[in-house]
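Coordinate inspection notes
Residues per chain are reported as follows:
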Amino acid sequence: MDLALLYSGGKDSTLSALLLDTFYDVTLVTAHFDVTNDWEHARRAAETLGYDFQTVELDHEVARSAVERMHADGYPRNGIQQVHEHALESVAELDVTAIADGTRRDDRVPTVSRAQAQSLEDRHDVDYLAPLSGFGRRAVDRLVEQRLDVETGPSAEVPKADYEGELRVLLADEFGQQAVDEVFPDHHQTYVHGLRD
């Protein structure tokens, strides 16, 4: 069975791939707006891990709307949620049996409600899986420590292919760098360099 997993190159989406590949033919899929080449970070991680990889280009109107919302809100949560929902819809249109993401039990954003998952499944005739939905951050960190070679650091410095990098660029273009500093709190990201020996 073919499965498309939304992939950023970080620990959560990588751990999700490892958990699912016993049952599915996993392709790692990075959704992007073609604003930067950040998706290349995910491609390199996927190649290192031995997974098939592809990209899906998202609707630029969704990016514009998300950036405006983040600026109005003063925080990124609703804008990132909007983009994630659009990315899931886009990946669900691929010719696959199932789609998945790396959302965890304790994620504040993005999240997928039961109703959203069922709607995706019904409208696109796919299974939606969130293999980490029962895992908290500590459990994920323990599993990752055993299996993955991971770089961790400030979000602005760690290579990654999630939505944040492109949204930061678009926010700066539209509202200035100060808006980026005001909207995005300091936080850490991860990037997977491969499996531990």
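The paragraphs below set out a description of the structure included in this document. (Residues numbered from 1 in each chain as written. Predicted model: local features only at pLDDT ≥ 70, side-chain atom pairs only at ≥ 80, totals over all residues. Heavy atoms only, no water.)

1. Focus on the layout of surface pockets
As a reminder of what qualifies: Space inside and on the surface of the protein is sampled on a 1 Å grid over the protein atoms alone, with a cavity defined as a set of points where a 1.4 Å probe fits but cannot get out and a pocket as an open set with protein on both sides within 12 Å along at least 5 of 7 lines; lining residues have an atom within 4 Å of a point. Grid points are joined across faces, edges and corners, and a volume is the space filled by probe spheres set on the points. A run of DSSP states H or I qualifies as a helix once it reaches four residues; a run of E qualifies as a strand once it reaches two. Both are numbered from the N-terminal end. Three residue categories are used. Nonpolar comprises Ala, Val, Leu, Ile, Met, Phe, Trp, Tyr, Cys and Pro, charged comprises Asp, Glu, Lys and Arg, and polar comprises the others, including Gly.
In this structure, the largest pocket spans a volume of roughly 1200 Å³. For the largest pocket, the lining is made up of 39 residues, of which D107, V109, P110, H187 and Q189 are closest to its centre. Broken down by secondary-structure element, the contributors of at least two residues to the lining of the largest pocket are α1 (11–20), β2 (25–32), α4 (77–92), α6 (137–147), β6 (148–154), α7 (163–175) and β7 (188–195). A class-by-class count of the residues in the lining of the largest pocket yields 14 nonpolar, 12 polar and 13 charged.

2. Here we look at α7
Helical geometry: 3.6 residues make up each α-helical turn, so side chains three or four residues apart lie on a common side. Rule in force here: In a helix, the anticipated span is given by 1.5 Å times the number of residues less one. Throughout this description, buried means an accessible area under 20% of the type-specific maximum (1.4 Å probe, protein chains only), exposed means over 50%, and partly exposed covers the range between. In what follows, residue pairs with any heavy atoms lying within 4.5 Å of each other are defined as contacts. Any N or O atom pair separated by 3.5 Å or less is treated as a polar contact, with the protein-specific requirement of one donor-capable and one acceptor-capable atom, and with residues adjacent in sequence counted only for side-chain atom pairs.
Over its 13 residues, α7 runs 18 Å from end to end, which matches the ideal 18 Å to within 8%, given 1.5 Å per residue. Restricting attention to buried positions, one finds in α7 the residues Y163, E164, G165, E166, L167, R168 and L171. Residues of α7 that are buried make contact with β1 (2–6), β2, α3 (60–73), α4, α8 (177–183) and β7. Backbone nitrogen of E164 and a side-chain oxygen of the N-cap are separated by 3.2 Å at the start of α7; the cap is D162. Backbone geometry just after α7 places G176 at a positive phi near 95°.

3. A look at the packing of α4 against helix α5 (residues 114–124)
To keep it simple, the criterion reads: An axis is simply a line fitted to the C-alpha atoms; with a helix, the fit covers only the stretch in contact. Between two such axes, the angle follows the N-to-C directions and lies from 0 to 180 degrees. Comment on the angle field: the value is read as roughly parallel under 35 degrees, roughly antiparallel over 145, roughly perpendicular from 65 to 115, and oblique elsewhere. Left-handed is the label given to a crossing in which the near helix is rotated counterclockwise from the far helix by less than a right angle, and right-handed is the label when the rotation is clockwise.
Their axes nearest at 10 Å, the elements α4 and α5 cross at an angle of 30°. Taken together, the axes of α4 and α5 lie roughly parallel to each other. Remark: the crossing between α4 and α5 carries right-handed chirality. Facing Q81, E85, L88, E89 and A92 of α4, the residues of α5 in contact are Q116, L120, R123 and H124.

4. Digging into the packing of aromatic side chains
We count it as follows: Pairing of aromatic side chains requires ring centres within 6.5 Å, counting the rings of Phe and Tyr and the six-membered ring of Trp. Pairs whose planes differ by under 30 degrees are stacked, by over 60 edge-to-face, and all others tilted. Two conditions define a charge located above a ring, namely a distance within 6 Å from the ring centre to NZ of Lys or CZ of Arg, and an angle within 35 degrees of the ring normal.
One pass over the full model with this rule turns up 0 aromatic pairs. Above the plane of the ring of F184 lies R168, whose end atom (NZ or CZ) is 4.7 Å from the centre.

5. What to know about empty space enclosed by the protein
Tallied over the entire structure, the rule returns 1 cavity of 30 Å³ or more. Around the largest cavity sit T30, A31, H32, D38, W39, A161, D162 and E166, which together line it. For the lining of the largest cavity, the element with the most residues is β2, which contributes 3 residues. Across the lining of the largest cavity, the residue classes break down as 3 nonpolar, 2 polar and 3 charged.

6. With respect to a negative patch on the surface
Using the following cut-off: Here the term patch refers to residues with relative accessible area over 30% and no salt bridge, with like charges joined within 9 Å and nonpolar side chains (Val, Leu, Ile, Met, Phe, Trp, Tyr) within 5 Å. Accessible areas in this description were obtained via Shrake-Rupley with a 1.4 Å probe; residue shielding takes into account the shown protein chains only. By definition, a salt bridge exists where a carboxyl oxygen of Asp or Glu is found within 4 Å of a side-chain nitrogen of Lys or Arg. When charges are counted, neither His nor the chain ends are considered; positive counts come from Lys and Arg and negative counts from Asp and Glu. Think of each charge as sitting on NZ of Lys, CZ of Arg, CG of Asp or CD of Glu.
The grouping of D2, D25, D52 and D95 at the surface amounts to a negative patch. Tracing the sequence through the fold places D95 in the loop between α4 and β4 (98–100). Relative accessible area serves as the criterion here: at 76%, D95 is assigned to the exposed category.

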